[in-house]
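# Residue-level structural notes
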Amino acid sequence: MNAPDPETRRSRQVVLRCGLASALLLMACLVVLAGCSGIQGPSGGSAAHPVPEKIWPEPPEPPRIAYRGSIRRPADMGVHASAASRFGRWLTGSEKGNEVLNKPFGIALDEAGNLCLTDTGANTVCYHDKARKKWTRWEKVGPVRFLSPVAVVKRDGVFFVADSGRSSVIAFDEAGKLRFETTNRLQRPSGIAIQGARLYVADSARHRIVMLDLQGGYSGEFGKRGKGEGEFNFPTHVSIDASGNLYVTDSMNSRVQILDLEGRFKRQLGSVGDSPGHFGRPKGVSVDPQGHIYAVDALFDNIQIFDNTGRLLLTLGGSGSQPGEFWLPNGIAISPNNEIYATDAYNHRVQVFQYVGPL
């Protein structure tokens, strides 16, 4: 092959210099644009779109719950990559670091109100550090790769993840260092909560609640398959309120049971039915600072709100993809500031609401 003549070499050098100049100019533009985002979403983060006004119940009733926005990717929480990283994404077409949620499922808030999330579509665990505006996403910790992470809770810098695919609870720190993995008497863990020095794990396949210490050691269990008080039929989620009441979503019995921390029955919410106050397939459950109980129903695509006596106060949601509508909702978590986070699995988002008044 003949070598290019001097004129051709000079032409190529000019093209290369122009290409480099264009790339540098693009990077500079990205730096400028990084400071131009002014639309605020949940928790003050930058959102892709303005937040529409939507409240429940509808006027003329006074508002109780307001829609605040949706989280589909880290950028919606105000997490921005460096200009160099964005330029790299532009070159490669990759969204690494700003991946869209696939099937958000389990959700929790830590002591500082930071969001902890499992994505069963991507088999990942995600964490948003508000103070540092940082989003971390783990596909594995140490040698342990997540297979079906369905629930998460965090305490004192340690994440505890229920992975139904591995039949285990996995604990790791914020640096991604594995603390332990335990399969201690677990078959299909589906929900997890923490109180003091104890983990409460809903084992859906064994129809009971397994108690572990914070090192993964077995502490006891309660429940069996049935329809009676303190019996379960595929329990899926657990939550603990400020008074130490344990809420168990007894999914196939279409109810939420309320027990003490030793498993003694107190009362129940709901029963099978298709009218308000009843459940099809209850999933996540949580309690706000005022003592209102929020229960997610995956079959009816809604959230029902009860008082502490079990009286239905309000229903919000319905099937769809608009704000306040759901497609297989699952988990729910409520902050001390009455921010309500609900995973909307098949709409690939977390919806954020705000409690704004007495019920």
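Right, let's walk through the structure included here. (Residues numbered from 1 in each chain as written. Predicted model: local features only at pLDDT ≥ 70, side-chain atom pairs only at ≥ 80, totals over all residues. Heavy atoms only, no water.)

### Considering the environment of G317
How we decide: Labels follow the DSSP assignment, with helices taken as runs of H or I lasting at least four residues and strands as runs of E lasting at least two, numbered in each case from the N terminus. Here the term buried applies to any residue with accessible area under 20% of the maximum for its type, exposed to any over 50%, and partly exposed to those in between, with areas from a 1.4 Å probe on protein chains only.
Turning to its location among the elements, G317 is positioned in strand β24 (residues 312-317). Among the residues examined, G317 registers a relative accessible area of 38% and is labelled partly exposed. For the pair G317 and D297, spaced 20 residues apart in sequence, the C-alpha separation works out to 9.9 Å.

### Points about unusual backbone geometry
Going from W56 to P57, the amide bond is cis rather than trans, its omega being -10°. Within the element layout of this structure, P57 appears in the loop between β1 (55-56) and β2 (65-71). Here the amide bond leading from P59 into P60 is cis, since omega sits at 15°, within 30 degrees of zero. Its location among the elements puts P60 in the loop between β1 and β2. One non-glycine residue, K133, lies in positive phi territory at about 50°. With phi around 55°, D301 is a residue other than glycine that occupies positive phi space. As for its placement among the helices and strands, D301 is situated in the loop between β22 (293-297) and β23 (302-306). For D301, a relative accessible area of 7% puts it in the buried group.

### Some words on the sheet that holds β23
Formally: In this scheme, strands are said to pair when DSSP sees at least two bridges between them. Axis definition: a line fit to C-alpha positions, over the contact stretch in the case of helices; interaxial angles, taken between N-to-C directions, run 0 to 180 degrees.
With antiparallel pairing, the 4 strands of this open sheet are ordered in space as β21-β22-β23-β24. Edge positions in the open sheet fall to β21 (282-287) and β24, since each of these has one partner strand only. Averaged over all pairs of adjacent strands, the angle between strand axes in this sheet comes to 20°, irrespective of strand direction. Looking at chain direction, β21 and β22 are connected through 4 bridges and run antiparallel. In the sheet register, S286 faces β22, and the bridge partner there is Y294.

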